[in-house]
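# An overview of the molecular structure
So you can see what is in the structure, the chains are spelled out below.
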Amino acid sequence: MIKFKGVNKWFGKLHVLRDINLHVTPGEVVVVCGPSGSGKSTLIRCINRLEKFQKGELFVDGTPLHDHSTNLTKLRAEIGFLFQQFHLYPHMTALQNVTLAPINVRKMKRSDAEELGREKLIRVGLADKADSYPTQLSGGQQQRVAIARGLAMAPKIMLFDEPTSALDPEMIGEVLDVMIKLASEGMTMCVVTHEMGFARQVAHRVIFMDEGSLVETGSPHDFFDNPQTDRAAQFISKILTH
Amino acid sequence: MLEGLNFRVLWEYMPFFMEGLRNTFLISIVSLFLALIVGIIACACRLSPWKLVRGLSIVYIESIRSTPLLVQIYFFYFGLPTLGLRVPELQTGIIALMLNSGAYIAEIVRAGITSVPNGQIEAGISSGLNYFQRMRFIILPQALGVTVPPLLGQAIVLVKDSALLSMISVMELTRCGQTLTSERFMPTEAFFTVAFFYLCIYFVLKSMADWSQKKLIFREAY
Amino acid sequence: MMLFYFERLVEILPFFLKGLWMTVVVAGISLLLGTFFGLLLGIARTSGNKLLVGLIGAYVAVIRGTPFVVQIFIVFFILPEWGIQLDALPAAILALTILGTAFICEIVAGGIKAVPKGQWEAAQSSGLTLYQQLRYVIVPQSLQTILPPLVGQYVLLIKDSSVVSVIGVVELTRVGWLTVVRIPEGLMVFSLVGILYFAISYPLIRLSNRLEKKMATQQMML
């Protein structure tokens, strides 16, 4: 579904991704973790080309991303992306946020799109908030609207860039809950997160990154209980005692 | 201080002042409309990816902003005939006002557009919206709210700026004051009346600007 | 023919430089006086004394609401009717100072209001006098907010000083006007005038932008 082949990226002189090789299969849930500045956000931002990379190959659902002739707009419509800061459109209601892309990218009829939008809002448990503006919603509710916004495009892949780290502790659960439901329904997901409970419960694979490289990859069980490298062991002890 | 005012003469000149007021109105509205077009185009060029286009718009904006409007008016008034162009005073004045306000409006619009956070644009990109859809549905609606109060501020400046057209004999409000002064030598009556009319326009525009500002803050706060 | 006029223009360049010097003098004196009075009135405006605040507010509104040409006509033509005789130069400086004071007073008041209330309370509770509170606590903190628009205001004052040419002060714009009668190359003459204004305004505009950026990054670090 997603295939990195020797991907390298530099920000000026800074080498932020080093020789990334990774293969994510359909229906797989991959959790990416690592210290800040390790390149994990950059990695998943490459998957829908919010970031360009300079060397290597990247295929998403068979489409080459390193090829300039690729229709990015079409590809991006197939990939849901969740931001740490939600980035809901503040001048639109929750429902309008969800229906904007279906109407304008998928060219759906407004009434169909609204029906679809309400259905997605029900799925994230916000049926009653359709007409609220983002500023009237709590952080957790905003992030769930953002998930509904992503789902409305019927994506093949959902990418999550630290979806809970801007939330108050009491709201993290409600967002993770929706994500767990999604995973159990077979969605292909790449999640950058430090929520180790979530990783243990739903991840098929955990990837540990440091200084731009994939340092370790394994099942959650192996990774947490029996890390292979010192760096990973150090990282785990740090977040678990945290 | 006001008991010496000659209201009889003022009354006699009132239709004359009314016409001046009307001209000030028309000049301001026409110039503002044209300046909006110029400003939006200049702003689009300022944000364009091509270096040459961007450079030209920077030269335009900065040279307008660092020279006085009166000099710009004289530049066109004395300069256009040198080029063999015979443009009447009124049109010359409107050209100068349009280009002057256009530069300031370009900066206002640019500030509005850059005030929309980058994450909004990324969210739009991620849902597969193209450049025009992002402009139309995400950036402009958010930028517009922020630009309305400073645009009304620019309208206030423009009305006051139009007074300088009196220097090239355009019959607007200030010119009426000068005429009354030279015909009857009544500067007190003349310029207090003129100032009064300008103040009326100012208060109307100012309360509109304050109202829009308040609405904006309210919308952001709730 | 163009070349001939160009050579004439180069010949009388000293005349232009004298005009530029006059612009610097007129604008410089007025902006110093305007800063001084603007600071006083700005502080007074945040004092909470209703009568004082109301009076200053009315003064600012009248100055902001009327064109500067009209203000200068009032100073130059109407003061003599009340027995105050002023030459063109002092009249120009007076009018520009009145204008500058109004705008600067608003900037200062805005900067002072931006200082959090807790700072006043902390300064009061450590027993500082009102003067000490302002001098050591409030004004230094508001300087950050005040400085960028203040420099921007200086640019506006320099540009507004071109308007005093209408009462016969021989500054830069007036020099252009006097020259174009003899050298009928409007574009050339007023380009030169514009370049000279640019030479003093543009560095100040850059300075204002730099200060603003510096302020923004400092606020981010707080």
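Everything that follows concerns the structure shown earlier in this document.
For the structure given in this document, a descriptive report is provided here. Note that the coordinates shown come from a computational prediction; the quantities given were computed from them, not determined experimentally.

What counts, and at which threshold
- Residues numbered from 1 in each chain as written.
- Chains lettered and ligands numbered in written order.
- Predicted model: local features only at pLDDT ≥ 70, side-chain atom pairs only at ≥ 80, totals over all residues.
- Heavy atoms only, no water.
- Helix = DSSP H or I, 4+ residues; strand = E, 2+ residues; numbered from the N terminus.
- Buried < 20%, exposed > 50% of the residue type's maximum accessible area, 1.4 Å probe, protein only.
- Contact = heavy atoms within 4.5 Å.
- Pairing = 2+ DSSP bridges.
- Phe/Tyr/Trp six-rings, centres within 6.5 Å; stacked < 30°, edge-to-face > 60°.
- Polar contact = N/O pair within 3.5 Å; in protein donor to acceptor, adjacent residues only side chain to side chain.
- Axes fitted to C-alpha atoms, helices over the stretch in contact; angles between N-to-C directions.

### A short note on the environment of A:Asp210
All names here are of chain A. One can find Asp-210 in strand β9 (residues 205-210). Residue class for Asp-210 comes out buried when judged on its relative accessible area of 13%. With 193 residues separating them in the primary sequence, Asp-210 and Leu-17 have C-alpha atoms 9.6 Å apart. Contact partners of Asp-210, with chain neighbours within four places excluded, come to Pro-35, Ser-38, Val-215 and Arg-231.

### A closer look at the pairing of strand β3 (residues 29-33) of chain A
All names here are of chain A. Counting buried positions along β3 yields five of five residues, so the element is predominantly enclosed. Every second residue of β3 is oriented toward a common face, with Val-29, Val-31 and Cys-33 on one face and Val-30 and Val-32 on the other, all of them buried. Where β3 lies against strand β8 (residues 188-192), four bridges are found, and the strand directions are parallel. Within β8, the position partnered with Val-30 by the bridge is Cys-190. As paired elements, β3 and β9 share four bridges and run parallel to each other. Bridged to Val-31 within β9 is Val-206.

### Topic: the packing of aromatic side chains
Residues and elements named next belong to chain A. All chains considered together, the criterion is met by 20 aromatic pairs over all chains. Ring plane angle 45° and centroid distance 5.2 Å describe the contact between Phe-208 and Phe-235, whose orientation is recorded as tilted. Highlighted residues: Phe-208 in strand β9 and Phe-235 in helix α9 (residues 230-241), separated in sequence by 27 residues. Looking at Phe-208, the relative accessible area reads 1%, which means it is buried. Site record: aromatic cluster; members linked through ring pairs are Phe-208, Phe-223, Phe-224 and Phe-235.

### Notes on the side chain of A:Glu28
Residues and elements named next belong to chain A. Relative to the helices and strands, Glu-28 resides in the loop between β2 (14-24) and β3. Assessed through its relative accessible area of 11%, Glu-28 is described here as buried. A polar side-chain atom of Glu-28 sits 2.9 Å from the main-chain amide nitrogen of Thr-25. Among residues more than four places away in sequence, those in contact with Glu-28 are His-23, Met-187, Thr-188, Met-189, His-204 and Arg-205.

### A short note on the sheet that holds strand β4 (residues 55-60) of chain A
Hydrogen bonds between backbone atoms are what pair the strands of a sheet, whose relative direction is either parallel or antiparallel. Residues and elements named next belong to chain A. Pairing within the open sheet is antiparallel, and its four strands lie in the order β2-β1-β4-β5. Across the chains shown, the open sheet's two edge strands, defined by having one partner strand only, are β2 and β5 (63-64). Two elements, strand β1 (residues 2-11) and β4, share five bridges in a ladder whose sense is antiparallel. In the sheet register, Asn-8 faces β4, and the bridge partner there is Lys-55. Sheet strands touched by helix α1 (residues 40-47): β1, β2 and β4. Its angle to β1, the strand with the most contacts, is close to 120°.

It is worth stressing that arrangement in space is one thing and function is another; only the former is reported here.
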